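# Tertiary structure, described
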Amino acid sequence: MRIATGELPPYATQSRADQGIALNIVRQALKASGHEVVYSFMPWGRAQEETKAGLWDGSAYWGRRPDRERDFLLSDNVLTEQWVVLYRAGLKLDWQVPADLAPYTFAAIRTYTYTPEFIARFNDGTLKVDWTPDDLAGLRKLAAGRVDAMLLERNVACHLIDTQFTPAEGKTIRAHPRLITNQFTTHLMLPRRLPASPALLADFNHGLAALHASGEYQRLLGDVPCQAGLAQPVVMSR
């Protein structure tokens, strides 16, 4: 099975032997149903568009969004991402609802969906935003004090800070423990235009359920080291 993907360490990456936590879960779930996976890495936008056109059997891994549900069959949840508010060390930042974050300027990426509430507030100016090309650029702005905060998946942030910043720079970035949502599920996407997609979807979901039942899923999920010392996220009531 040929799957288009992109770089998002530690979940999807050519830099790890397993090609990333999420991609390894996808591989093992399909293997359990008799499919061999070959990943091709490319820009994320290209992966989505070429898969939509039927040039690839599928693409992994993606958050759920109405346009994707229109164009693709989405699998059961590969893993739930842990999106948190990162902020400059020294700020006394706390929040219960997004409106509490109005005093701060955020680095944000136009192509990200975040949550409907956050993206609406970025777009209408209720939350101040500095549009930024990618995660690393946002973190660099944060470390330099050019913005106050940004939304990012906690383990992605740990990887980028640990590998791209000095320890001193890393200490300038902190994470609030409140998840912006506890429902940021991610999925294998199969193009609706390909006749084989429904059967592949059933095979994947069956293999994923088998990984959960055996306990292998939890082993594959593992623990991501975080030398940056970002707070562990916790689910809090709103």
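Rules of the game
- Residues numbered from 1 in each chain as written.
- Predicted model: local features only at pLDDT ≥ 70, side-chain atom pairs only at ≥ 80, totals over all residues.
- Heavy atoms only, no water.
- Disulfide = S-S within 2.5 Å.
- Helix = DSSP H or I, 4+ residues; strand = E, 2+ residues; numbered from the N terminus.
- Buried < 20%, exposed > 50% of the residue type's maximum accessible area, 1.4 Å probe, protein only.
- Pairing = 2+ DSSP bridges.
- Axes fitted to C-alpha atoms, helices over the stretch in contact; angles between N-to-C directions.
- Contact = heavy atoms within 4.5 Å.
- Core = buried A, V, L, I, M, F, W, Y, C linked by side-chain atoms within 4.5 Å.
- Polar contact = N/O pair within 3.5 Å; in protein donor to acceptor, adjacent residues only side chain to side chain.
- Expected span 1.5 Å × (residues − 1).

## Details of the state of the cysteines
Two cysteines whose sulfur atoms are joined by a covalent bond form what is called a disulfide. Applying the stated criterion across every chain, the model contains 1 disulfide. For C158, the disulfide goes to C226, at an S-S distance of 2.1 Å. Note on the C158 and C226 pair: the S-S dihedral is about -85°, so by sign convention the disulfide is left-handed. Taken as a pair, C158 in helix α6 (residues 154–164) and C226 in the segment after α9 (216–221) lie far apart in primary sequence, 68 residues in all. The same class applies to C158 as to C226, namely buried.

## Some remarks on the sheet that holds strand β1 (residues 2–5)
Strands sit in the order β2-β1-β3-β10-β4 across an open sheet of 5 strands; the sheet is mixed. Two strands in the sheet have a free side with no partner beyond their single neighbour: β2 (38–41) and β4 (72–74). Sheet twist, expressed as the average angle between the axes of neighbouring strands with direction ignored, equals 35°. In terms of strand pairing, strand β3 (residues 58–63) meets strand β10 (residues 186–191) through 3 bridges, oriented antiparallel. Residue pairing for β10: W62 is matched across the bridge by H187. Set on the sheet, helix α2 (residues 44–52) makes contact with β1, β3, β4 and β10; between it and β3 the angle comes to about 125°. Taken strand by strand, helix α8 (residues 197–214) contacts β4 and β10, and its axis lies near 155° from that of β10.

## Observations concerning the nonpolar core
Core analysis: the biggest nonpolar cluster contains 50 residues, and I3, V26, L79, L86, L139 and L230 have the highest contact counts within it. A total of 7 residues in this core trace back to one element, the largest contributor, which is helix α1 (residues 21–32). Non-local contacts of L86, meaning those with residues more than four positions away in its chain, are made with L139, L142, D148, A149, M150, L152, A157, I173, R174, A175 and L230. Core analysis: the next-biggest nonpolar cluster, separate from the first, contains 19 residues, W83, A108, F122 and L151 among them.

## Looking at the sheet that holds strand β5 (residues 83–88)
Taken in spatial order, the 5 strands make up an open sheet running β7-β6-β8-β5-β9, and their pairing is mixed. At either end of the open sheet lies a strand with only one pairing partner, and these are β7 (128–131) and β9 (173–179). Going from strand to strand, the sheet's axes swing by 35° on average, the running direction of each strand aside. The sheet contact formed by strand β6 (residues 105–108) and strand β8 (residues 149–153) spans 2 bridges and is parallel.

## Quick notes on the side chain of K141
With respect to the secondary-structure elements, K141 resides in helix α5 (residues 135–143). Side-chain polar atoms of K141 contact the side chain of D130, separated by 2.8 Å.

## Looking at α1
The end-to-end C-alpha distance of α1, which contains 12 residues, comes to 17 Å, matching closely the 16 Å that a straight helix rising 1.5 Å per residue would cover. The buried fraction of α1 amounts to 9 of the 12 residues, a majority that puts the element mostly inside the structure. Turning to α1, its buried residues are I21, A22, L23, N24, I25, V26, R27, A29 and L30. Residues of α1 that are buried sit in contact with β1, β2, β3, β10, α8 and α9.

Purely geometric numbers; function is a separate question.
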